Amino acid sequence: MDDMRNSKKIDYSNSKPARHAPHSALDNASIISAYKRWAGVYDRVFGGVSGPGRRRAVEAVNALPGKRVLEVGVGTGLALPHYAQSKCITGIDLSPEMLAKARARVTEHGITNVDALLELNAEETGFDSRSFDIAVAMFVASVVPNPDRLISEMRRVVKPGGWLLMVNHFQAEKGARLLAERALAPASRKLGWHPDFAMESILSEEDLRTATRTPIPPFGLFTLVQLPND
Ligand SMILES: C[S@@+](CC[C@H](N)C(=O)[O-])C[C@H]1O[C@@H](n2cnc3c(N)ncnc32)[C@H](O)[C@@H]1O
């Protein structure tokens with residue numbers, strides 16, 4: 001694990017909401033501030049409910065060919081102990097407090113296949129194009145200010161023929177859940193994510209056709225999306 005202390009200056013110039021951004025878009029400063037508050041309790045509050053989605057995403061990554069994996073929005077590093085030894089993981093996140101938890105986890109678990117944990121913006125990483133075989137974003141797409149830029153950056157840094165994976169909560173199409181998500185949307189700055197986040201806001205019609213979509217328990221609240229980088 002080289003370069004674990006590396007940290008780059010974050011560019012805030014890129015924090016305008018996306019064209020299709022849901023209600024009450026976040027910006028980088030509010031994300032950093034929200035996750036500074038969440039870092040200490042994140043695993044206890046979200047670790048349980050997000051566990052099945054994270055496990056399925058990491059299992060899917062482990063089953064794919066290729067060694068170099070970029071985990072964007074690595075957070076407190078809950079997924080890090082579960083990657084196959086054959087994978088080499090680079091994790092990035094905007095929040096220094098979340099990254100500090102991830103670094104402590106690496107040390108505590110004696111994890112040897114994490115190459116670097118870096119303070120970087122997932123929408124503009126600065127990595128060379130085609131640096132990775134796989135990019136995975138778990139519970140991140142509904143948090144970033146510009147999810148369409150997140151996806152295009154994941155596409156850029158992954159080799160053609162590689163894979164993009166995302167596990168996320170997506171807005172319900174109808175019913176009581178949709179109403180609840182709309183009601184919660186104005187609180188997105190405090191929550192640190194968009195409850196009213198629609199899959200169509202990041203995936204083109206072509207993507208929606210080629211993606212594998214797997215509903216994840218509990219109640220299909222989350223979906224794992226696996227997309228070839230063609
Ligand atoms: C809901 S947490 C998910 C953390 C982790 N992936 C997990 O499965 O528990 C979202 C994470 O995305 C990070 N994040 C949000 N916007 C980001 C951006 N533009 N670049 C990098 N990380 C970002 C937050 O700091 C936070 O750690």
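Further up the page is the structure itself.
Residues numbered from 1 in each chain as written. Predicted model: local features only at pLDDT ≥ 70, side-chain atom pairs only at ≥ 80, totals over all residues. Heavy atoms only, no water.

> Pulling in residues and values, what's your account of the overall build of the protein?
Check the secondary structure of the protein and you find 7 helices and 7 strands. Put simply, the protein runs from its N terminus to its C terminus through helices and strands in the order α-α-β-β-α-β-β-α-β-α-α-α-β-β. Every one of the 230 residues in the protein was classed for burial, and the buried ones make up 53%. Put simply, 72% of the contacts in the protein that link residues at least 6 apart link residues at least 24 apart. A total of about 10,700 Å² of accessible surface is found on the protein, and carbon and sulfur atoms cover 54% of it. (Helix = DSSP H or I, 4+ residues; strand = E, 2+ residues; numbered from the N terminus. Buried < 20%, exposed > 50% of the residue type's maximum accessible area, 1.4 Å probe, protein only. Contact = heavy atoms within 4.5 Å. Areas by Shrake-Rupley, 256 points an atom, 1.4 Å probe, with all protein chains shown as cover.)

> Lay out the pairing of strand E2 (residues 88-93) in plain terms, naming residues and giving numbers.
With 6 of 6 residues buried, E2 is to be regarded as a mostly interior element. Of the two faces of E2, the one lined by Cys88, Thr90 and Ile92 and the one lined by Ile89, Gly91 and Asp93 are each fully buried. In terms of strand pairing, strand E1 (residues 68-72) meets E2 through 5 bridges, oriented parallel. Paired with valine 69 across the two strands is isoleucine 89, which belongs to E2. Pairing of E2 with strand E3 (residues 114-119), which is carried by 5 bridges, proceeds in the parallel orientation. What sits directly across from isoleucine 92, in E3, is leucine 118. (Pairing = 2+ DSSP bridges.)

> Can you explain the sheet that holds E1? Please cite residues and give values.
Pairing within the open sheet is mixed, and its 7 strands lie in the order E3-E2-E1-E4-E5-E7-E6. Every other strand in the sheet has two partners, leaving E3 and strand E6 (212-216) as the edge strands with one partner each. The sheet shows a mean angle of 15° between the axes of neighbouring strands, taken without regard to direction. Helix-sheet contacts for helix H4 (residues 147-157) involve E1, strand E4 (132-138), strand E5 (158-169) and strand E7 (222-228), and the interaxial angle to E5 is about 150°. (Axes fitted to C-alpha atoms, helices over the stretch in contact; angles between N-to-C directions.)

> Outline helix H2 (residues 42-63), supporting the account with residue identities and numerical values.
Between the first and last C-alpha of H2 there are merely 28 Å, a value that for 22 residues lags more than 12% behind the 32 Å anticipated at 1.5 Å per step. Along H2, the sharpest kink reaches roughly 60°, centred on serine 50 and followed within four residues by the proline proline 52. For H2, the complete set of buried residues consists of Tyr42, Gly47, Ser50, Gly51, Gly53, Arg54, Ala57, Val58, Ala60 and Val61. (Expected span 1.5 Å × (residues − 1). Bend = angle between axes of the 7 residues up to and from the residue.)

> Which residues make up the pairing of E3, and what values go with them?
Of all 6 residues in E3, 5 are buried, a share of seventy percent or more. Taken together, E2, helix H3 (residues 96-109) and E3 form a β-α-β motif whose crossover is right-handed. (Right-handed = clockwise from strand over helix to strand, strands pointing away.)

> How would you sum up the site of the ligand? Please name residues and give values.
In the region of the ligand, 20 residues are neighbours, and Tyr42, Gly73, Asp93, Ala122 and Met138 sit closest. Contact with the protein chains covers 97% of the free accessible surface of the ligand, which is 600 Å². Those elements that place two or more of their residues in the shell around the ligand are helix H1 (28-38) and H2. For the shell around the ligand, a count of residues per class yields 13 nonpolar, 4 polar and 3 charged. (Near = heavy atom within 4 Å. Nonpolar A, V, L, I, M, F, W, Y, C, P; charged D, E, K, R; others polar.)

> Any details on the environment of arginine 105? Residues and values, ideally.
Here arginine 105 shows up in helix H3. Residues contacting arginine 105, with those up to four places away along its chain left out, are Asp43, Thr76, Gly77, Leu78, Pro81 and Ile111. Among the polar contacts made by the side chain of arginine 105, one reaches the main-chain carbonyl oxygen of threonine 76 at a distance of 2.8 Å. (Polar contact = N/O pair within 3.5 Å; in protein donor to acceptor, adjacent residues only side chain to side chain.)

> Could you give an account of the side chain of lysine 87, with specific residues and numbers?
Among the secondary structure elements, lysine 87 is positioned in the loop between E1 and E2. Despite its burial, lysine 87 pairs with no opposite charge; the closest candidate is aspartate 133, at 7.1 Å N-O. (Lys, Arg positive; Asp, Glu negative; His and termini not counted. Salt bridge = Lys/Arg side-chain N within 4 Å of Asp/Glu carboxyl O.)

> Requested: an account of the packing of aromatic side chains, with residues and values cited.
Using the criterion set out here, one finds 4 aromatic pairs in the structure. Where tryptophan 38 meets phenylalanine 46, the ring centres are 5.1 Å apart and the plane angle is 65°; that geometry is what we call edge-to-face. Here the aromatic rings of phenylalanine 139 and phenylalanine 222 are separated by 5.0 Å at their centres, their planes lie at 80°, and the arrangement is edge-to-face. One end of the pair, phenylalanine 139, is in the loop between E4 and H4; the other, phenylalanine 222, is in strand E7, with 83 residues separating them in the sequence. A relative accessible area of 15% places phenylalanine 139 in the buried class. Look at phenylalanine 222 and you get buried, because its relative accessible area is 9%. (Phe/Tyr/Trp six-rings, centres within 6.5 Å; stacked < 30°, edge-to-face > 60°.)

Nothing here speaks to function; it is all geometry.
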